[in-house]
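Fold and contact review
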Amino acid sequence: ATASIDLRTGTIVEASPEWAALLGDGVDAITGRSYTDFLLPEAREAAAAVIQVLAEVGEITSEALMRRIDGTTVPFQFHATLSGHRIEIVYRHRP
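Quick caveat: nothing in here was measured; it's all calculated off a predicted structure. (Residues numbered from 1 in each chain as written. Predicted model: local features only at pLDDT ≥ 70, side-chain atom pairs only at ≥ 80, totals over all residues. Heavy atoms only, no water.)

Attention shifts here to the sheet that holds strand S1 (residues 2–6). The five strands lie next to each other as S2-S1-S5-S4-S3, forming an open sheet whose pairing is antiparallel. Edge strands, defined here as strands with exactly one partner in the open sheet, are strand S2 (12–15) and strand S3 (59–67). The sheet shows a mean angle of 25° between the axes of neighbouring strands, direction not considered. Packed on one face of the sheet, helix H3 (residues 44–57) meets S3, strand S4 (73–83) and strand S5 (86–93) and runs near 160° to S3. (Pairing = 2+ DSSP bridges. Helix = DSSP H or I, 4+ residues; strand = E, 2+ residues; numbered from the N terminus. Axes fitted to C-alpha atoms, helices over the stretch in contact; angles between N-to-C directions. Contact = heavy atoms within 4.5 Å.)

With that settled, the discussion passes to the pairing of S2. Relative to S2, S1 runs antiparallel, the two being bridged by three bridges. Looking at S2, one finds that Ser4 is bridged to Glu14. Remark: five residues form the turn of the hairpin made by S1 and S2, two consecutive strands paired antiparallel; Gly10 in that turn has positive phi of roughly 80°.

Below, the structure written as structure tokens:
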């Protein structure tokens, strides 16, 4: 499952059908939204810190608890790389 996020705005610019399905919706409903829409409010500060490290080193592997459209959560492990102003992310669902 993959996604691309604009580093400057935090907007999801691309999402694979697999990632969208794990979040409980279709690609069209996911793209154009802020990645923070899919984080728990208490996880947003930690996510900002991960993005800051990513901006400094260009690559990071971490874990996150994502919030689905219906409000339930799903754990993910992800690897993110910085490419210009885009964050390219590969997600793996942790059962």
